[in-house]
Amino acid sequence: MTKDRVRDAASYVQRAVAQGEGGNEGNRAKKAVLDFLKAHPEITGLDHLLSLGGYRGPKAFHDEDKTEMRQYQRALLLIERTLGGKTDDQVAVIKAHFVSTTGTKAQTETNRVVIEIRSVYSRWRDKHARDLKPRTVGEPILAPSFEYATSLAKNNIGPAFARASQLLTHAWMGIMRVGLDANEKKRLEKWFGTYEKGRYDKVRATLKSVFDVVCAKSVTVYYRGTGAPSTALENDTPDFLRNEGALGLGPTTAYGYVYPGVTKTGEWHVFLGKAFFADASRHGRDSLSGVIIHEMTHLTKKTQDHVYGAGPCETLAKEVGGPAKAVENADSYEYYCESFQSSVTTKFG
């Protein structure tokens, strides 16, 4: 690969994008192209692919319009092969349709190609933004034991997960603004103690781990409330958990429980007990959604249950040595997320 040719083509990608969207966006476009090539070392043969003629040498100085046109044409080939997702053969087709002209016609072709480059980058940028943004809500899967639950209990699971996803989304945006917004810093310190970067990083990592599952993955939930399965034949606990001594049958008086010490890659299992269906609220503190977040912190980051309840959690964050426990306390994450409830729009049926 001729590195100079690729670098020059990337520079003209930068120029094309900058013409329409400013220098900073042009810089991002060039970086995105070069980063793509670094991430895909299997892409070879760009020297030949970008070869159009009229690129270097004394003749170039006598036909500046054509030289500029060729530079931008190469830039289009490069961005189509990288950010545009085209194959070598598809880029070769684009290349075959390029015109070779001079003067005013070359300037017209240059303008057309520059617009194409900006269009390819714009489509890539929009797609990249969508790919980076997780799904709004994951998918709760009801295990067979929910046959024993009431219709209301079944119908509340979907909205509870949707609301948990919204709470986590707002909590994630909040935690990322701690350094910019005094109110968000105050909110963080209320539940996790005076700001300290190590603790902040741990809170952020825990929220991100739960966010990534609840907002984008499938979570299987099991009914362990009133009337839950009570015989071995009705036990729907997965074998890999049963083999490790998991509690298979219900009902249980707990809000919920998980097995953070026994996991299976790509699977998440949460068991919901009587208190979840009888005592947890739909909105506010100690909510159905909050319980889900609480249990997921156990599952994804092995948090502990040092204290329960909003008051004890606030006290823990203020005690000497308390913040170190708060950042690993499941209820602290539940209440932190529930503090964003005013921004949540999910309604229960």
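Residues numbered from 1 in each chain as written. Predicted model: local features only at pLDDT ≥ 70, side-chain atom pairs only at ≥ 80, totals over all residues. Heavy atoms only, no water.

(A) Quick look at helix H4 (residues 64-81). Given a rise of 1.5 Å per residue, 18 residues ought to cover 26 Å, and the 26 Å separating the end C-alpha atoms of H4 matches this to within 8%. Most of H4 sits out of view: 14 of its 18 residues are buried. (Helix = DSSP H or I, 4+ residues; strand = E, 2+ residues; numbered from the N terminus. Expected span 1.5 Å × (residues − 1). Buried < 20%, exposed > 50% of the residue type's maximum accessible area, 1.4 Å probe, protein only.)

(B) Representation of the packing of helix H12 (residues 288-301) against helix H15 (residues 330-338) within the structure. Remark: H12 packs on H15, axes separated minimally by 8 Å, with the N-to-C direction vectors making an angle of 140°. Taken together, H12 and H15 sit at an angle that is classed as oblique. Crossing geometry of H12 relative to H15 is assigned as right-handed. When H12 is examined against H15, the residues Gly290, Val291, Ile293, His294, Thr297 and His298 are found in contact with a partner set consisting of Ala330, Asp331, Tyr333, Glu334, Cys337 and Glu338. Considering only residue class, the contact of H12 with H15 consists of five nonpolar, four polar and three charged. (Axes fitted to C-alpha atoms, helices over the stretch in contact; angles between N-to-C directions. Parallel < 35°, antiparallel > 145°, perpendicular 65-115°, else oblique. Left-handed = near helix turned anticlockwise from the far one by under 90°. Contact = heavy atoms within 4.5 Å. Nonpolar A, V, L, I, M, F, W, Y, C, P; charged D, E, K, R; others polar.)

(C) Spatial organisation of the side chain of Asp236. With respect to the helices and strands, the residue Asp236 is situated in the loop between strand E2 (218-224) and helix H10 (239-242). According to the relative accessible area criterion, Asp236 is buried, its value standing at 13%. Here Arg224 takes part through its side chain, which lies 2.8 Å from a polar atom of the side chain of Asp236. Once residues lying within four places of it in the same chain are set aside, the contact partners of Asp236 are Ala143, Pro144, Ser145, Tyr222 and Arg224. (Polar contact = N/O pair within 3.5 Å; in protein donor to acceptor, adjacent residues only side chain to side chain.)

(D) Quick peek at the nonpolar core. Ranked by internal contacts, the top residues of the largest apolar core, which has 52 residues, are Leu168, Ile175, Phe192, Leu207, Met296 and Tyr336. Of all elements in the fold, only helix H7 (151-176), helix H8 (182-192), helix H9 (197-214), E2, strand E4 (269-273), H12, helix H13 (310-318) and H15 reach the threshold of two or more residues within this core. Sorting elements by how many residues they give to this core places H7 first, with ten residues. Residue contacts for Leu207: discarding those within four places in its chain leaves Leu168, Ala171, Trp172, Ile175, Tyr333, Tyr336 and Cys337. Membership of the second largest hydrophobic core comes to 30 residues, among which are Leu76, Val113, Ile117 and Val120. (Core = buried A, V, L, I, M, F, W, Y, C linked by side-chain atoms within 4.5 Å.)

(E) Region of the structure containing unusual backbone geometry. At Asp286, a position not held by glycine, the phi torsion is positive, near 55°. If you trace the backbone, Asp286 turns up in the loop between helix H11 (274-278) and H12. Residue classification places Asp286 among the partly exposed residues on the basis of a relative accessible area of 35%. With a phi angle near 55°, Lys302 is a residue other than glycine that sits in the positive phi range. Position of Lys302 relative to the elements: it lies in the loop between H12 and H13.

(F) Region of interest: the sheet that holds strand E3 (residues 256-257). Strands sit in the order E1-E2-E4-E3 across an open sheet of four strands; the sheet is mixed. In the strand order of this sheet, the two ends are held by strand E1 (139-142) and E3, each with one partner. In the sheet, E3 pairs with E4 via two bridges, with the strands oriented antiparallel. Considered in E4, the bridge of Gly256 is made with Leu272. Lying over the sheet, H7 contacts E1, E2 and E4, oriented at roughly 160° with respect to E1. (Pairing = 2+ DSSP bridges.)

Geometric descriptors of this kind do not, in isolation, establish any biological role.
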